Amino acid sequence: PAGIPDPVIERLETAFRSGFETAEWEKLCSERGMEPVFMDRKQFKEFALSQARFFGEEVPELLRLKR
């Protein structure tokens, strides 16, 4: 959420990065056919915005297709 102090965000980011580096997480992702890719807050924001743009354009197009 907006307004979280930077030190708290940095602490959370460090914790998530540590979680991504565990064998348990890698195994879970592998079992589900996923590749674990950690993104810091800047990278994740860019990814989320690009996905929102993509799906914002593609979903309306797909809904127009005749079935």
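Keep in mind that what you see is a predicted model, and the values were worked out from it rather than measured.

### A short note on the overall build of the chain
- Each helix and strand counted, the chain has 3 helices and 0 strands in total.
- A compact globule built from 67 residues would reach a C-alpha radius of gyration of about 11 Å, whereas the chain, at 17 Å, exceeds it by more than 25%.
- By residue count, 3% of the 67 residues in the chain fall in the buried class.
- Considering the chain, the positive charge centre built from 11 side chains and the negative charge centre built from 13 side chains are found 7 Å apart.

### Details of the pattern of salt bridges
- Taken as a whole and assessed by the stated rule, the structure comprises 5 salt bridges.
- Arginine 41 is paired through a salt bridge with glutamate 10; the nearest N and O atoms lie 3.8 Å apart. One end of the pair, arginine 41, is in helix 3 (residues 41-64); the other, glutamate 10, is in helix 1 (residues 6-20), with 31 residues separating them in the sequence.
- A relative accessible area of 38% places arginine 41 in the partly exposed class.
- For arginine 41, the salt bridge goes to glutamate 13, with nearest N and O atoms at 3.9 Å. With arginine 41 in helix 3 and glutamate 13 in helix 1, this pair connects stretches of sequence that are 28 residues apart.
- Taken together, the salt bridges that share partners define one network made up of Asp6, Glu10, Glu13 and Arg41.

### Thoughts on a nonpolar patch on the surface
- Residues Phe54, Phe55, Val59 and Leu63 make up a contiguous nonpolar surface patch of roughly 380 Å² in combined accessible area.
- Within the secondary structure, phenylalanine 55 is located in helix 3.

### Quick word on the packing of aromatic side chains
- Under the definition given, this model contains 4 aromatic pairs.
- Ring geometry for phenylalanine 20 against phenylalanine 38: centres 5.5 Å apart, planes inclined by 75 degrees, an arrangement best described as edge-to-face. Taken together, the positions of phenylalanine 20 in helix 1 and phenylalanine 38 in the loop between helix 2 (23-31) and helix 3 put the pair 18 residues apart, joining distant regions of the chain.
- Site record: aromatic cluster; members linked through ring pairs are Phe20, Trp25 and Phe38.

### Points about the confidence of the model for the chain
- When the pLDDT values of the chain are averaged, the result is 91; 97% of them are 70 or greater.
- Looking over the chain, one finds the lowest element-wise mean pLDDT in helix 3, namely 89, and the highest in helix 2, namely 95.

About the cut-offs
Residues numbered from 1 in each chain as written. Predicted model: local features only at pLDDT ≥ 70, side-chain atom pairs only at ≥ 80, totals over all residues. Heavy atoms only, no water. Helix = DSSP H or I, 4+ residues; strand = E, 2+ residues; numbered from the N terminus. Rg over C-alpha atoms; globule rule 2.2 N^0.38 Å. Buried < 20%, exposed > 50% of the residue type's maximum accessible area, 1.4 Å probe, protein only. Lys, Arg positive; Asp, Glu negative; His and termini not counted. Charge placed at Lys NZ, Arg CZ, Asp CG, Glu CD. Salt bridge = Lys/Arg side-chain N within 4 Å of Asp/Glu carboxyl O. Patch = residues over 30% accessible without salt bridge, like charges linked within 9 Å, V, L, I, M, F, W, Y side chains within 5 Å. Areas by Shrake-Rupley, 256 points an atom, 1.4 Å probe, with all protein chains shown as cover. Phe/Tyr/Trp six-rings, centres within 6.5 Å; stacked < 30°, edge-to-face > 60°. pLDDT = per-residue confidence, 0-100.

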